[in-house]
Amino acid sequence: MRIRVLGCSGGIGAGARTTAMLIDNDVLIDAGTGIGDLDLEDLDTIRHVFLTHAHLDHVAGLPLLVDRVFDEDVATPLTVYAREETLAAVQAHLFNDVIWPDFGKLPTEENPMLRYRVCGPGDTVGIGHRNFHAVEVMHSVPSLGFTVQNSGGVFAVSGDTKSNETLWPVLNACDDLKVLVIEVSFPDEMASLAQDSGHYTPKSLTEDLERLRHEPEIWLTGMKPGEEQRIFRQVVTAVPDKNIQMLSRGTVLTV
Ligand SMILES: [Zn+2]
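Residues numbered from 1 in each chain as written. Predicted model: local features only at pLDDT ≥ 70, side-chain atom pairs only at ≥ 80, totals over all residues. Heavy atoms only, no water.

1. Comments concerning the coordination of the zinc ion
Okay, step 1: Taken together, H53 (NE2), H55 (ND1), H139 (NE2) and D160 (OD) make up the protein donors of the zinc ion, found 2.2 to 2.4 Å from the metal.
Okay, step 2: Classification of the site at the zinc ion as irregular follows from its four donor atoms and the range of 91 to 170 degrees in their angles at the metal. (Donors = N, O, S within 2.8 Å, 3.2 Å for Na, K, Ca; no water. Tetrahedral: all angles 85-135°; square planar, octahedral: opposite > 155°, others 65-115°.)

Pasting the structure below:
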């Protein structure tokens, strides 16, 4: 399994793209602005999108992606998997025939280009050789993390979350956890904003990391633009013994 990081930033600005990861060539986890850099041929092979939650930095590219693949191949639908609340938000606020056409009814209601599938905490969706498992996390809106299992091991991504009691037991149960992509949006100096908006800080993240029984590669994501170096320094100072790196646009992970 090959994971290509298309965007991993908590905002925009020169060189920054918001969250999107391409799994092999057909599955996206989140559809932030990072998908806009893909070649047309790479966009056209995407047929599955897992959304961690409905926030704009995770869904901004989805309407334009659907439009692109609609033009190319209406015979093979694009399926979006997410919690019920996330699907409802996307339908009500993006594909509402005002902001963007309702591709859930195009070209016909019986055979639409865009399909929605509820994937809630504890659900597993098999696509080819990979199993996508949804995990409850704790953000300001209903959100998911995912573990993705294939024969080489498990890749996990937290989505947006603050400290929680749900993600870590699932990760500990993955005996072959190889790579963990985990959010940490704000530096410790902004702990109160992080708590209110449902995000980790270096302090809260490293306290939770002490509960992890495995030693995967750990990649930090979702940092506010301009704060990356400060956040990274605070994390590695708190847990110097762990294998921690900073995710970048263009990073390719293999599991
Ligand atoms: Zn969010």
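Moving on from the coordinates now.
2. Some words on the sheet that holds strand 4 (residues 48-50)
Okay, step 1: On the basis of which strands lie adjacent, the open sheet formed by seven strands has the order 6-5-4-3-2-1-14 and mixed pairing. What marks the edges here is a single partner per strand, and that holds for strand 6 (114-118) and strand 14 (252-254). Between one strand axis and the next, the sheet turns through 25 degrees on average, direction left out of account.
Okay, step 2: Across three bridges, strand 1 (residues 2-7) lies against strand 14 in antiparallel orientation. (Pairing = 2+ DSSP bridges. Helix = DSSP H or I, 4+ residues; strand = E, 2+ residues; numbered from the N terminus. Axes fitted to C-alpha atoms, helices over the stretch in contact; angles between N-to-C directions.)

3. A closer look at the packing of aromatic side chains
Okay, step 1: Here the structure, examined in full by the defined rule, presents five aromatic pairs.
Okay, step 2: Ring geometry for F50 against Y81: centres 4.4 Å apart, planes inclined by 15 degrees, an arrangement best described as stacked. Pair noted here: F50 is in strand 4 and Y81 is in strand 5 (residues 78-82), with a separation of 31 residues, a long-range link. Y81 shares its class with F50; the two are buried.
Okay, step 3: For the ring pair F95 and F103, a centre distance of 6.4 Å and an interplane angle of 85 degrees mean the geometry is edge-to-face. Take F95 and F103: they sit in the same class, and that class is buried.
Okay, step 4: The structure contains a cluster of three or more aromatic residues connected by ring pairs, namely F50, Y81, F132 and F146. (Phe/Tyr/Trp six-rings, centres within 6.5 Å; stacked < 30°, edge-to-face > 60°. Buried < 20%, exposed > 50% of the residue type's maximum accessible area, 1.4 Å probe, protein only.)

4. Re the sheet that holds strand 13 (residues 244-246)
Okay, step 1: A sheet is described by the order of its strands in space; here seven strands give the open sequence 7-8-9-10-11-12-13, paired in mixed fashion. Looking at strand neighbours, the two that pair on one side only are strand 7 (124-127) and strand 13, the edges of this open sheet. Each adjacent strand pair in this sheet contributes to an overall mean axis angle of 20 degrees, direction not counted.
Okay, step 2: Where strand 9 (residues 144-150) meets strand 10 (residues 153-157), five bridges bridge the pair, whose relative direction is antiparallel. Bridge assignment links Q149 to a residue of strand 10, and that residue is V154.
Okay, step 3: Sheet strands touched by helix 7 (residues 202-209): strand 11 (177-183), strand 12 (217-221) and strand 13. Its angle to strand 11, the strand with the most contacts, is close to 155 degrees.
Okay, step 4: Against the sheet, helix 8 (residues 228-238) engages strand 12 and strand 13, with an angle of about 180 degrees to strand 13. (Contact = heavy atoms within 4.5 Å.)

5. Some words on the nonpolar core
Okay, step 1: With 28 residues, the main nonpolar core has L28, V49, L62, L65, L78 and F95 as its most contacted residues.
Okay, step 2: Mapped by element, the contributors of at least two residues to this core are strand 2 (20-23), strand 3 (27-31), helix 3 (62-72), strand 5, helix 4 (84-93) and strand 6.
Okay, step 3: No other element matches helix 3, which puts five residues into this core.
Okay, step 4: Setting aside anything within four residues of it in sequence, one finds L62 in contact with A31, V49, L51, L78, V80, V90 and F95. (Core = buried A, V, L, I, M, F, W, Y, C linked by side-chain atoms within 4.5 Å.)

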